Structures are given as C-alpha cells and as structure tokens.
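Report on the structure
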Amino acid sequence: MPYKHLIPVYTKNSESLKNRFFLGSWCYLYERKNIFDKYYKNTLDYHWNDKKKLKRDFKYLNILNERLLKILSNELNKIHKTKKGLKYWRIILYPWLSEYSSIIFDRWETCNYFQKKHKNKQFYFLDISPDNYHYYILDHDNFAPISSDNHYWNHLIFKRVFKYLNNKNIFFKKKNINKFQVVPKKISKSLNFLKFVDYCLSHIAIRFNKVIFETFYFPTQDFLKLCLKNFLVPARFSTFFNFKPYKKCIDKKKRLLLKNSLKKVFNDKKTFESFLFLNLSEDLPTTYLENFLAIKKHVKKFAKTKKIIFSMHHIDDNDYFKIFVAEACDLGSKLVISDHGGGFKYDLNMFDDHHHKIADKKITWDKTTKNKIYLNLSPTLPIIKEQKYEKSYKKFLTIMSWESSRYQRRIQSAPHLNDDLNDFLEIINFVKSLKKNIKQNIKFRLKYNQSINSDQIFADLFGENLIDKSDSKNIFLKTVKSSKLVLMTYPSTSLSEVLYLNVPTILICKRKIWMLKKSSEKIINILKKNKMFFETFEEAKKHIEKIWDNPDLWWSSKKVQAARKIYLNNFFKIEENWFQNWNNQIFNLKSDL
C-alpha cells in the first residue's frame, strides 16, 4: 500500500494530493465549494471533542503550570541576578506560560492520538518549512497571532513533536512551495488624534496620578468627571504601554544556560513534560530573557510612587505593562483587576485563579459567585448610556455569530474550530429551512473572522445583501437597534448588552460545548423555560416562526421580562447610583495606600 501524505497544517494545494490525511480541521481552506466536501472525513478526530478529557487535561495543566512557574521563576532570578518573589514572576509569566503549555500540550496530544489511531500505517509527513526556519517570540502580544493563526509556526511545533517521538512509520518528505498562506490579522498601527492626546496625557498621569486606569471602558463624560473629582489627569493609557524598547536578537548564551538548567529538572523519557521543558528555553519570549532587564529599568522610574492600578486588558497579554505592575506592586502599589465583559461564567478558565492570586481587589459584574477580593461594581461599558429599545417597525432577524482561532490557543470552556464548523453548518441549514418571509429579512453578523470565513461563505450561499458587516461605520449598537429579533450564538458580553437594551433576543448555544459554571446553569434554565434559550437552531425554529409577526408580544410578557431582569441582576446590573459607588470605592482604595 502506498504511503499516505500527512498534512499537519493548511498547505496550499494540499487538497490535490492523492492518499492525503489531514491532522485536523485547521488544515482546510474554507470556501463555499468545499464546506460540505467529503474529504473532511479523511481527517483526525480532535482529541478535545471529548469534553471529559478536556476537563481532565485542564486540571493536569493547572497543576503543571504552578510547577513550571516556580521552576522558571528560580531560573530567571539566577540568570538576571535578581531575588524577586513568586508573586512578582506570576504577574509577568503566568498568562503566557499557561497559554504556551496549553498550546504545546494540544499539539502533543494531537500527534499522540494520531500515532495511536494509525500505529500500523506509514505516512509521509509533508515538510514544507525551510531547513533554516526559526521563529523567535518577541513578547506575549506577538505570540498570540503566531500561535493561533501562523501556519509556519504551528507546522514547526508539529514537526518537533513527531521528530521527538521518533516514530519509525513517519517519514519526512520535503515539499517546496512559493508562498505559505497565513490567515491575516489586520492591526492598525496609526494613532488617531484622540489616541495621541491620550498618549501625551498618559506620560503626565503615570508620574503624578495616585490612580491609573489602563485601557478602561468608561463613558467619556463620566470618566472625565471621575478624574476631576479625584484630582487625576484623565488618561486611559490606551497606547502608552505599547512602547517596545526591545532588541530583536537572541542571546544564545542565556538560552543555553536556561536549557541546561531545565535539563536537570526533567528526565530523558519521551514524555510531554520532557518535551515541554526542552522547547521552553527556545520559545520563551525575549521580554523574559534578552530584553527583561532593559524593560525593568525603563518602567522602574514610573513604579517608584505608590499607586492604585486599575487594569482591564493588558494584565493578561502586555509584557511591558505586566513588568511595570510587578515592579510597582513590589514597591507597595495595589492592583485592581476588572472584568472587561459580563455574562455567563465559564467553568474552565485559568485566568480566574491567576487573577485571585495577583490582585488586591477584583471588580466583577457577576453576582453569582463570592470571593473576599471581589468588588461588585456596576459595568461601565459605554452602552449603559444608550437609550433602551423602543417598540417600532423593525425588519431584521439578526444572527450574531463568531469564530474561534484556527489553531487552539488555550484550554478553556469555549468552542474550538470543530465546534464552530458544526454550528455554522447548523446555521446554514436553519436559514435554508426558514419560511420565505423570514429568510428574506435575515442579517448575518460575524464578530471575528478568524478561521472558517463564514461571512463570505454565507454571502456566497445566500447573497451579499444578507451580510451585516462589522466595521467602524456599522457598529454593533446600530445593528441591534435595527433588529426585530436577535439570535445570539455565544453567551458573552454582547448578549448582556442586547438584553440591557431590551431587544427581543434568543440565545442558541450548546451547554456541552460552552461548559458553564453551575451558578450560570441556574439562570440558563430560567431563560430556557421562557423560550429565550435553545441548544440548537432546529429547536428554536418553531418558536421563531410562531412569534415572527410580532416578537414584541412575547418579549414584553411579564414572565419573559422577569427572566431578563434575573439575568441582568446577576451578570449586568446597572445601579442607579453606579457613578457614586465607583467614586466612593476609588476614594477608599486611595485611603488605604
């Protein structure tokens, strides 16, 4: 029997190869012509389709990450000749470390599962990377798109795993290609005028403010009022911490020193942990090794004065900010982390426990869980200043959809690519089956185009006029206010915003896939009882067709409105005196400095 070609990542024209076998659904270029194609069957099942395994692996990685953190902290203290404590290094390292271990474990398990399923078959591993290919990781922010979208980097990891496992039935076959297609991420590098003003104000605020707000969502007028009352320079630090004074080079001596130190920790058996430690010294971002001391020196001048640091985003992915926070907290500053979204809580989320360990206080919008560090303050998203939904003639049935990244980035309660593909096929069949008077008023809005190209496929199938494009001219709020009925397919902040505006809404998602906390499940059951929640589009279809002529009649009923208020009271409650509560809390925190 001839060897099969093992395709590890998306590779241009790989569909034309005979006897091909795909390592995962990330290997495809999704288009209308092949969205239902049979060759998808010639693909390895994804190991985290088994949600029981996902839970077991989450627990294992959670324990492993703590061990890794202690080992790496000790080694970096030696290399940098510092004596920083575990909390200091946790602030800096843990967000990247937990993602990296999840990614490497996912790729490792994929290869392992492949070998178990095909242990008696022989394959050519399609090796498309140049012999001298290497991709060093600059920082955490740089790592995110590389790990989730870059075919070259993921190909390299799969290649490393198979080489390490040394399977005698896998042979590496070189294939030269002119261009490696990578899913692009559009990142604007230009600063508009408002960001430039904020950047200038941030330079002043970092030196004189006792309180700083990092990339905080807050209605503009209320933010200015809050700063005025607390004698603060009104800065949001939206771009201040994007400064990267990095050397774009690798210090081979330091890398070798780290590698040799880590070798003493693991054994020579072909285990995942041995493989992980072996690669850690090569993949560690330069911000933790080559550029660490330069960044530390640069931020220390801002960290000397005690501050209250409010963080909403950068604490999870911006190394420059994380090193600043670690230095500041080491010198007596306090860290307050805030939710940047509100909605049902996921059962598997490594960042929750991490935040509890590094924050002095955490602002949460969730009223269903309790913790001594929680501050239950009102959400401050700009939408809270918007007028509620008014009954008038609305036309559209708007389907709100999303896509996860092509390559799995972290282990958590959320759909992965296979789940998204199945859901999208459900949406297609749902739209096809609708009555004509509803189908002609469909709008499909995609939150993120990261993998399937579902908005383009939807347009090819049903017409470009059914696509509600997400851009600066057509914002989410505009779409919601023109909707007769909204179908949400993801239980996150957008759901909370739509329910807050009191727009007729149905949530359609699978509990088995999203794996929500038990406290969230109780609220789900209330929504389900009132036909505000369904697990499949097929289940929801009968209700949608029944209420379509006048969804407001169903939506304005006492029971449905009561269910809506229960959700909002638990996950998105806006107190009448919300501004004063925020102001009082800031005053109390400043007093404790």
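Provided above is the structure to which this section pertains.
If you're wondering where the values come from, they're calculated on a predicted model, not measured in any experiment. (Residues numbered from 1 in each chain as written. Predicted model: local features only at pLDDT ≥ 70, side-chain atom pairs only at ≥ 80, totals over all residues. Heavy atoms only, no water.)

1. Topic: the overall build of the protein chain
Just so we agree on the cut-off: Counting from the N terminus, the helices are the DSSP runs of H or I reaching at least four residues and the strands are the DSSP runs of E reaching at least two. Computation of the radius of gyration draws on C-alpha atoms, with the globule rule given as 2.2 Å multiplied by the number of residues to the power 0.38. Burial status follows relative accessibility: with a 1.4 Å probe on protein chains alone, a residue under 20% of its type maximum counts as buried, one over 50% as exposed, and anything between as partly exposed. We get accessible surface area from the Shrake-Rupley algorithm with a probe of 1.4 Å; when it comes to residues, only the shown protein chains can shield them. Neither His nor the chain ends contribute to the count of charged residues, in which Lys and Arg are positive and Asp and Glu negative. The location of each charge is read from NZ of Lys, CZ of Arg, CG of Asp or CD of Glu.
What the protein chain contains, in helices and strands, is 22 helices and 14 strands. The C-alpha radius of gyration computed for the protein chain amounts to 25 Å, which stays within 12% of the reference 25 Å derived for 593 residues, consistent with globular compactness. Reported as C-alpha extents along the three principal axes, the dimensions of the protein chain are approximately 65 × 65 × 45 Å. For the protein chain, the proportion of its 593 residues judged to be buried stands at 58%. Accessible surface, the protein chain as shown: approximately 27,300 Å² in total, 51% of it carbon and sulfur. One way to put it: in the protein chain the 110 positive side-chain charges average out to a point 2 Å from where the 59 negative ones average out.

2. Describing the sheet that holds strand E4 (residues 170–174)
Adjacent strands of a sheet form backbone hydrogen bonds with each other and so pair up, either parallel or antiparallel. Here is the rule we go by: Here, strands pair whenever DSSP counts at least two bridges between them. Orientation is described by axes fitted as lines to C-alpha atoms, over the contacting stretch for helices, and by angles from 0 to 180 degrees between their N-to-C directions. The contact rule is simple, with two residues in contact once any of their heavy atoms fall within 4.5 Å.
Sheet architecture is open: four strands sit in the order E2-E1-E3-E4, paired in parallel fashion. What marks the edges here is a single partner per strand, and that holds for strand E2 (20–22) and E4. The mean angle between the axes of side-by-side strands here comes to 35°, regardless of whether they run parallel or antiparallel. Examined bridge by bridge, strand E3 (residues 123–127) and E4 share five bridges and lie parallel to one another. Bridging across to E4, Phe 125 finds its partner in Phe 172. Across the face of the sheet, helix H4 (residues 151–165) comes into contact with strand E1 (4–7), E3 and E4 while running at roughly 140° to E3.

3. Looking at unusual backbone geometry
Residue Lys 81 is not a glycine yet carries a positive backbone phi of 55°. When you line up the elements, Lys 81 lands in the loop between helix H1 (51–80) and helix H2 (86–117). The phi dihedral of Asn 166 falls on the positive side, at around 55°, and the residue is not glycine. Within the secondary structure layout, Asn 166 lies in the loop between H4 and E4. Its relative accessible area of 46% is what places Asn 166 among the partly exposed residues.

4. Digging into the nonpolar core
Formally: In this description, a nonpolar core means a group of buried Ala, Val, Leu, Ile, Met, Phe, Trp, Tyr and Cys residues linked to one another through side-chain atoms lying within 4.5 Å.
If you look at the biggest cluster of nonpolar residues, it comprises 186 residues, and the most contacted ones within it are Phe 310, Phe 324, Phe 344, Phe 458 and Leu 487. Residue contributions to this core peak at 15 residues, all from H2.

5. Some points on helix H21 (residues 558–571)
The line we're drawing: Here a helix's expected span is defined as the number of its residues, less one, multiplied by 1.5 Å.
Counted at 1.5 Å a residue, the expected span for H21 with its 14 residues is 20 Å, and the 20 Å between its end C-alpha atoms agrees. Of all the residues in H21, the buried ones are Val 560, Gln 561, Ala 563, Arg 564, Tyr 567, Leu 568, Asn 570 and Phe 571. The elements touched by buried residues of H21 are helix H16 (493–500), helix H18 (518–529) and helix H20 (551–555).

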